Every structure is written in structure tokens, then in C-alpha cells.
Amino acid sequence: SREQMETRIAEIKQQLGEKLFIPGHHYQKDEVIQFADTSGDSLQLAQICAANEKAEHIVFCGVHFMAETADILTTDSQKVYLPDMRAGCSMADMANIFQTDRAWDTLTETFGDTVVPLTYVNSTAAIKAFVGKNGGATVTSSNAHQMVKWAFTQKERILFLPDQHLGRNTAYDIGIPLEQMAIWDPINDKLVFEGAIEDVKVILWKGHCSVHEKFTVQNINHVRETYPDMRIIVHPECSREVVSLSNDSGSTKYIIDTMEKAAPGSQWAIGTEMNLVNRLIQQHPDKQIISLNPSMCPCLTMNRIDLPHLLWSLESIVNKEEVNVIKVDELTAKDAITALERMLERA
Ligand code: 13P
Ligand code: SF4
């Protein structure tokens, strides 16, 4: 039963003490988050794992790329586990290293040595390694502005992987006009741009988050008609149109902080993942909070980590079976860490 599972998880946590560390992303289910030693957005979790030297076993409650990042940033003796190997990220899967190498060949032919790659942490370790090798850095949604500005101190142009929306919204915010943004289509190996090619400043990889793309202009219009006093806040993985029609946008942490500071009685429609929106609704009974999309928008892969998988993973550690260990090979990790460190030094 649920209670038995909860009791056993608590027992194992007690038994392993500081040898065990459970980080949980804000989009995880409540049943999992209740056992997290720390919860955070992708940047906070990367920083916290990098700083943890005590834990021998890190059971990462989040998605695959986050567990890879935790492995890269921890020592060889620390093991990182993902309670369900199917907890991937559809956005990270939209850029593979072969497509990226082909894109880079074309971009180098077209623009010479004027492009620096940036990748959202929502990407495979191989893509992070590619970026590290080519002078670039990782970014998260909470430091994207800072990192895009930094990238322009390195080269004239940026290739932004794999989320076109975070790339477009961030570049637009720092003053790059939409007319100077091209799209790289990885399915057809094609650069799509309307104007003169020398005007391109940002090349956006054609990827997206299947959760945040579900917040639409229709959802915004509906909220505006139904609740005229409601403010709309969305994650920058939403489309440019949705972000521009909202009152505010920002990373997962920014949305949480904004709700903390919001006045009692204020009304909010939030455009981000369902588990987090539901938690914010519970934590702020003095405010009226709804999901921008009434069908809520869960991240199905995040939700694959549940109580039974968490318990299974913990039992495997107790039994020294060590299943679902996430291990990035040394060569990849060496270059990926360069990309991550360029971000962590500045973030
Ligand atoms: P952040 O935690 O950086 O806001 O990212 C959101 C997300 O989609 C994680 O997968
Ligand atoms: Fe990936 Fe989007 Fe889910 Fe985050 S919310 S893990 S970006 S699919």
C-alpha cells in the first residue's frame, strides 16, 4: 500500500543517512517531493549536486539529462541513479549529436568562425560536450539572459540548442530583433531564414517543450475575458506569442518567487507544469491561482518517477544491486564539464 511504501522509504532514508541524497525537480509529483532532501529548478539542482561531497548515492528525482548533469558534476565515487530510465525529456531528444555535427558543418561553411554554441541544460551530455569543445556554454531558464549576453562577447552569432522558444524569447529580451533570428531545421538539415544571410545573429534549433507548447493564445484570450484582473505569468519555454501577451515570464524559480511575493487576494494564471502549479495553488490559499491551460499540462516523463519507482531504486541501493546508474563516459564528461563550468562561474 501507499503507506507501507512511504514507511519503507523513510526507513531507508534513516538507515543511509548522509550517504543518500535525493534531489527533486519542482515538476515532480508531491508523493516524490515529500521525500526530496532538496527541491529546486534545474540550475539549483546542478549547483547543489556539484557542492555535495558526502553522498555516495544520489537518487535523482527528475529527468535523464538532469541525472547526467549530476553525474558529470560529482566525483567518480558518487553514484547517480534515475528511478525510472523512461524519465526522459522530449525536448532534449529533439537534438542528437549527429544532427548537431551536421548543423555545425553547414553553419561553419556559411558563417565561418563567427558562431558560438549555447545549449539549454535540457540536452544530452553529448551535446553539452560538443558545446564545451566549441567555446560555448550551457544555460538554464534562470540564467539565459546573462549567458546569451556573455555569448555575444565571444562571437558575433549564437547557435541556441535545443529549445527555439527559450532562445527566441531570451534573444528578443536582450534586444535582438526577430528578423535577425534564423531557424535550424534538424530533420531536413536546413537553415531557414528570410532576409540576407549576413544579418543572422541567432540560429534557433527547431526544438520545443511539449508541455509548455500547450499554453496558447486562445488560453490567454479566455483568461482575459473571464478574469479581467488576473495576471498571467508563463515559463519562457512557451512560444513568443504567448510570452508577449502575458504579464510576465520567467524560469520555474522566478515563478515560485513571484507567487511568494504576490499580494494576498491577487489573481494569477500560470503557464508551467501541472505538479508545480497544483503545489503553488495549495501553498497560497490566500491567492487565486489557476493553470493558464485548464487541461493542466503534466510533464509525462517527469511523472514516471513515482513512489513505487523511488522505493525500488532505494531498495536496490540497500541490496547493493545498483540498478539504473547514470554514468556519462569520461571523454564526454570532460568536455561537457567545460560547458557547465562556463555557466556555473557566471550563474
Ligand atoms: P527550469 O527548472 O530551468 O525552469 O526548467 C524547466 C524545465 O522544463 C525542466 O525540465
Ligand atoms: Fe522536458 Fe518540457 Fe518535461 Fe521539462 S517540462 S522535462 S523541458 S518535456
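In this text, all values refer to a predicted model and were calculated from it rather than measured experimentally.

K.L.:
Before we go on, may I ask you to explain the site of ligand 1 in this structure?
P.N.:
Taken together, D41, S42, L43, C89, N122, T140, S141, S142, C209, E237, S251 and T252 are the residues near ligand 1. Among the residues forming the shell around ligand 1, the class breakdown is three nonpolar, seven polar and two charged.

K.L.:
Teacher, can you tell me more about the domain arrangement of the chain here?
P.N.:
Bring the parts together and some accessible area is lost; that lost area is often taken as the interface size. Taken domain by domain, the chain consists of domain 1 (2-87 + 302-335), domain 2 (92-209) and domain 3 (212-291). Facing twelve residues of domain 1, the contacting portion of domain 2 comprises 13 residues. Mapped onto the side of domain 1 that touches domain 2, the elements with two or more residues apiece are α3 (42-51), α4 (64-73) and α14 (330-344). Counting residues per element, the side of domain 1 that touches domain 2 draws most heavily on α4, which supplies four residues. A breakdown of the residues in the side of domain 1 that touches domain 2 according to their chemical character gives six nonpolar, three polar and three charged.

K.L.:
Can you walk me through the site of ligand 2 in this structure?
P.N.:
In the vicinity of ligand 2 there are 13 residues, among which C89, M91, C209, V211 and C299 approach most closely. Looking at the shell around ligand 2, its residues break down into eight nonpolar, four polar and one charged.

K.L.:
Even after reading the chapter, I still don't get the sheet that holds strand β7 (residues 137-139), so can you show me in this structure?
P.N.:
Two pairing modes exist for strands in a sheet, parallel and antiparallel, and in both the strands are linked by backbone hydrogen bonds. One open sheet accounts for six strands, arranged β7-β6-β8-β11-β9-β10; its pairing is mixed. The strands lining the two open edges of the sheet, one partner per strand, are β7 and β10 (190-192). Across the sheet, the mean angle from the axis of one strand to that of its neighbour is 30°, orientation sign disregarded. Taken together, the three bridges between strand β9 (residues 181-185) and β10 define a ladder with antiparallel strand orientation. Within the sheet, the bridge partner assigned to I183 lies in β10 and is V192. Seen against the sheet, helix α8 (residues 164-173) touches β6 (115-120), β8 (157-161), β9 and β11 (202-205) and runs at an angle of roughly 155° to β11.

K.L.:
Is there a simple way to explain the sheet that holds strand β5 (residues 79-81) in this structure?
P.N.:
In space, the three strands of this open sheet follow the order β1-β4-β5, with parallel pairing throughout. Where the open sheet ends on each side, the last strands, each with one partner, are β1 (20-21) and β5.

K.L.:
How should I be thinking about the UniProt feature "binding site: iminosuccinate" (unreviewed entry) in the chain in this particular structure?
P.N.:
Listed under "binding site: iminosuccinate" (unreviewed entry) in the UniProt record, and renumbered for this structure, are H25, S42, Y120, V121, N122, S141, H235, P236, E237 and T252. Take H25: it is sitting in strand β2 (residues 23-25). A tally of 26 C-beta atoms within 10 Å means that H25 is categorised as buried. The contacts of H25, once residues within four sequence positions are left out, are S42, L45, C61, G62, M66 and M302. Mapped onto the elements of the fold, S42 is located in helix α3. When the 25 C-beta atoms within 10 Å are taken as the criterion, S42 is described as buried. In this view, S42 contacts H25, M66, V121 and T140; residues no more than four positions away in its chain are not counted.

Thresholds, definitions, all that
- Residues numbered from 1 in each chain as written.
- Chains lettered and ligands numbered in written order.
- Predicted model: local features only at pLDDT ≥ 70, side-chain atom pairs only at ≥ 80, totals over all residues.
- Near = placed C-beta within 6 Å.
- Nonpolar A, V, L, I, M, F, W, Y, C, P; charged D, E, K, R; others polar.
- Domains from an automatic or database assignment.
- Contact = placed C-beta atoms within 7 Å.
- Helix = DSSP H or I, 4+ residues; strand = E, 2+ residues; numbered from the N terminus.
- Pairing = 2+ DSSP bridges.
- Axes fitted to C-alpha atoms, helices over the stretch in contact; angles between N-to-C directions.
- UniProt positions renumbered as here; feature names shortened; annotations may be inferred.
- Buried ≥ 20, exposed ≤ 12 C-beta atoms within 10 Å, placed from the backbone.

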